[in-house]
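An overview of the molecular structure
What follows is each chain in one-letter form.
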Amino acid sequence: MLLLASLACFTISLQAQRRPETEPMPPKVTAKPADNNNTIRLALDSSVTTSNAITIKGQRVPYTATAGTIPVWDENGKPLAGVFYTYYERSDVKDLAARPLVISFNGGPGTSSVWMEIGYTGPRMLKIDDEGYPIQPYGLRDNPHSILDVADIVYVDPVNTGFSRPADKDIPPATFFGVNADIKYLAGWISTFVSRYKRWASPKFLIGESYGTTRVSGLALELQNNQWMYLNGVILVSPTDLGIDRNGPVDAALSLPYYAATAWYHKKLPADLQSKDLNAVLPEVETFTINELLPALAKGGSLTDADRTAIADKMSRYSGLSQQFIIQNNLEILPSAFWKELLRDKGYTIGRLDSRYLGIDRKDAGITPDYNAELNSWLHAFTPAINMYLRDELKYKTDLKYYMFGPVSPWDRTNDHTGENLRQAIAENPFLHVLVQSGYFDGACDYFNAKYSLWQIDVAGKLKGRLSWEGYRSGHMMYLRKEDLATANQHLRDFILKAIPGDKPARY
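Described below are features of the structure shown in this document. Just so you know, the residues in each chain are numbered from 1, in the order the chain's sequence is written. The predicted nature of this model means local features are confined to residues of pLDDT at least 70 and side-chain atom pairs, given and counted, to a pLDDT of 80 or more, with totals for whole chains, interfaces and linings taken over all residues. Side-chain numbers here rest on the full set of heavy atoms in the structure, without hydrogens or water.

1. Looking at the overall build of the chain
Counting secondary structure elements, the chain contains 14 helices and 16 strands. C-alpha atoms define the radius of gyration, and 2.2 Å times the number of residues to the power 0.38 defines the globule rule. Since a compact globule built from 508 residues should have a radius of gyration of about 23 Å, the 24 Å found for the chain is in line with a globular shape. Counting only C-alpha atoms, the chain reaches 80 × 55 × 50 Å along its principal axes. Accessibility here uses a 1.4 Å probe with only protein chains present; expressed as a share of the type maximum, an area under 20% marks a residue as buried, one over 50% as exposed, and anything in between as partly exposed. Each of the 508 residues in the chain was classed as buried or not, and the buried ones make up 57%. Helix and strand assignments follow DSSP, with helices taken as H or I runs no shorter than four residues and strands as E runs no shorter than two, numbered in order from the N terminus.

Have a look at this one:
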């Protein structure tokens, strides 16, 4: 795919007012002459703006939506890439200094911001059923739970995701594709964005989902140390391990509460547990995990046969797996084995990112599922919706492929200290608060591992007043379930407003 190597690319300026309940009116377009109109080439610096309005909590919220690209610059002022973004700004706000700005990333690494933009926090969302499954015909609708009433939002696609691309094919991939390279160039890009849109005075928040939590945890410190930009909040949606070591018995033990939640959902627990509410079951499992299972795994081969059997019995009770299967696996059940085993007798596998979803393998035998049932379902729904939205509603014209998952391999995962980076950023900045959101049925970034990360970030217990966690009865993208979409957005809204200190000084 050909890419422009210079900034002599066209800039589109467009204002189109969309009437409520109708398609956008034909826009008036004014374009600067371009040296080449071939839209399959990347426009490193471009934008198109439309106007719209939405009703949130009974309040009419007018806004502008800008879709475009802003360059990544090197130290000599040379463009390295064009990063695609969509920026939503409430248009009836006069004082942007008091208006929060939320900077949103998804994960992968290698996936775009599509998931949270049209699934969670943005003003428009894809059409799905109440549990998050695809429906046809594809389309979009207003999101009555969007946080746009309280904060402006910019969704950012890192290089080789969405429409973002390197400026030149000869730029080394290592410039972008690695834990620390990713953090460094995106921090610089954020600084450029904030300057262009005059948001330096605004309270600022980062939100990341999945690998995006690694990204924003590192960005919190990078922005402070090298861009001199201080945040009010960091939101971690379905967080990764954040580079926090948990190899060995800890890693093997921490998945059990997730197994219990999933077994409860699929009605595989004993009758006395199955009759309880999920929130009554999980504390019991968590206590067993920390106080009994983890020490037993640490003992390894020195564990007596009687103790091994007793632990396996309890694990079976809480996981829905047979005692024999657990003993055969030496009390260490890999998540992939759990996804294959739990409903093997019914001929189904369960999803990795959301274990409410079912899959059908070629063979019931085997040790891992053939595919991720939930991810295929999500791609089914999101891919048509984002292409229709950006190209038709927001009027961003390009023949580039929109990368749902783009080529970012190999990804350098060395020196991932993002959990510690986040801790240091919190310690250095008394204004900085952290919110973690987890789905109980997420098997990739499970909820109990997220709790463990918070414990390890704040080992001294001195920051706990600024750290909070919320759980939801869905999976990795908890917002796809209608009930959780409303609840999770309200938690975001409350967190943003609470993290703005007013005239309180930043000091301990």
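2. So, the packing of helix α2 (residues 179-196) against helix α3 (residues 211-226)
Running from amino to carboxyl end, α2 crosses α3 at an angle of 60°, the nearest separation of the two axes being 9 Å. The orientation of α2 relative to α3 falls into the category oblique. Considering the relative orientation of α2 and α3, their crossing is right-handed. In this structure, α2 contributes Val-179, Asp-182, Ile-183, Lys-184, Leu-186, Ala-187 and Ile-190 to the contact, and α3 contributes Tyr-211, Thr-214, Arg-215, Gly-218, Leu-219, Glu-222 and Leu-223. Under the grouping applied here, Gly and all other residues not named as nonpolar or charged are polar, the nonpolar ones being Ala, Val, Leu, Ile, Met, Phe, Trp, Tyr, Cys and Pro and the charged ones Asp, Glu, Lys and Arg. For the contact of α2 with α3, the residue count by class is 8 nonpolar, 2 polar and 4 charged. Axis definition: a line fitted to C-alpha atoms, limited for helices to the stretch in contact. Angles are taken between N-to-C directions and run from 0 to 180 degrees. By definition in this entry, angles of less than 35 degrees are roughly parallel, angles greater than 145 are roughly antiparallel, angles of 65 to 115 are roughly perpendicular, and the rest are oblique. A crossing counts as left-handed when the near helix is turned anticlockwise from the far one by less than a right angle, and as right-handed when that turn is clockwise. For this analysis, residues touch if any pair of their heavy atoms sits within 4.5 Å.

3. Description of the pairing of strand β15 (residues 433-439)
Here is the key point about a regular strand: its side chains alternate between the two faces of the sheet. In terms of burial, β15 is a largely internal element, 7 of the 7 residues being buried. Taking every second residue as pointing to the same face, both faces of β15 are buried, with His-433, Leu-435, Gln-437 and Gly-439 on one and Val-434, Val-436 and Ser-438 on the other. Two strands qualify as a pair provided that DSSP identifies no fewer than 2 bridges between them. Pairing analysis gives 6 bridges linking β15 to strand β16 (residues 467-472), with the strands arranged parallel. For Gly-439, the partnering residue across the bridge sits in β16 and is Tyr-472. Once you follow β15 into helix α13 (residues 447-457) and on to β16, the crossover reads as right-handed. The path from the first strand over the helix to the second decides the hand: if it runs clockwise while the strands point away from the viewer, the crossover is right-handed.

4. Quick word on the pattern of salt bridges
Salt bridge, as used here, is a side-chain nitrogen of Lys or Arg placed within 4 Å of a carboxyl oxygen of Asp or Glu. One pass over the structure, following the stated rule, counts 23 salt bridges. As a salt-bridge pair, Arg-493 and Asp-149 come within 3.1 Å of each other at their nearest N and O atoms. Linking Arg-493 in helix α14 (residues 482-498) with Asp-149 in the loop between β8 (140-142) and β9 (152-157), this pair joins segments that are 344 residues apart in sequence. Residue classification places Arg-493 among the buried positions, given a relative accessible area of 5%. What makes Asp-149 buried here is its relative accessible area of 11%. When salt bridges that share partners are traced, they join Glu-131, Asp-354, Arg-356, Arg-481, Glu-483 and Asp-484 into one network.

5. Focus: the nonpolar core
In this description, a nonpolar core means a group of buried Ala, Val, Leu, Ile, Met, Phe, Trp, Tyr and Cys residues linked to one another through side-chain atoms lying within 4.5 Å. Counting residues in hydrophobic clusters, the biggest one holds 113 residues, and the most contacted among them are Ile-190 and Phe-382. In this structure Ile-190 touches Ile-103, Phe-105, Leu-206, Leu-219, Leu-223 and Met-229, once residues within four positions along its chain are discounted. Residues Ala-261, Ala-263, Val-281 and Ile-333 belong to the second largest nonpolar core, which totals 41 residues.

6. Some points on a nonpolar patch on the surface
For patch building, the residue pool is restricted to those with more than 30% relative accessible area and no salt bridge; the joining distance is 9 Å between like charges and 5 Å between nonpolar side chains (Val, Leu, Ile, Met, Phe, Trp, Tyr). Throughout, the Shrake-Rupley method with a 1.4 Å probe supplies accessible areas, and for residues the shown protein chains are the sole cover considered. Nonpolar side chains collect at one region of the surface, where Tyr-348, Leu-358, Ile-360 and Tyr-371 lie side by side and expose about 370 Å² of accessible area between them. On the secondary structure map, Ile-360 appears in the loop between β14 (358-359) and α11 (373-393).

7. Quick notes on a negative patch on the surface
Under the counting rule used here, the positive set is Lys and Arg, the negative set is Asp and Glu, and His together with the chain ends is not counted. Throughout, a charge is located at the NZ atom of Lys, the CZ atom of Arg, the CG atom of Asp or the CD atom of Glu. Taken together, Asp-241, Asp-245, Asp-251 and Glu-332 make up a surface patch of like negative charges. Here Asp-245 lies in the loop between β12 (233-237) and α4 (249-253). Here Asp-245 falls in the exposed class, since its relative accessible area comes to 58%.

8. A look at the packing of aromatic side chains
Note on aromatic contacts: the rings of Phe and Tyr and the six-membered ring of Trp form a pair at centre separations within 6.5 Å, being stacked when their planes are under 30 degrees apart, edge-to-face when over 60 apart, and tilted otherwise. Counted by the stated rule, this structure contains 34 aromatic pairs. Between Phe-163 and Tyr-396, the aromatic rings sit 5.8 Å apart at their centres with planes inclined by 25°, giving stacked as the arrangement. Placement of Phe-163 in the loop between β9 and β10 (165-166) and of Tyr-396 in the loop between α11 and α12 (418-428) is noted, with a sequence separation of 233 residues between them. Classification of Phe-163 by relative accessible area gives buried; the value is 1%. Between Phe-176 and Phe-177, the aromatic rings sit 6.0 Å apart at their centres with planes inclined by 55°, giving tilted as the arrangement. A residue is classified by how much of its surface remains accessible, and Phe-177, at 9% relative accessible area, is buried. A network of ring pairs unites the aromatic residues Tyr-440, Tyr-447, Phe-448, Tyr-452, Trp-455 and Trp-469 as a single cluster.

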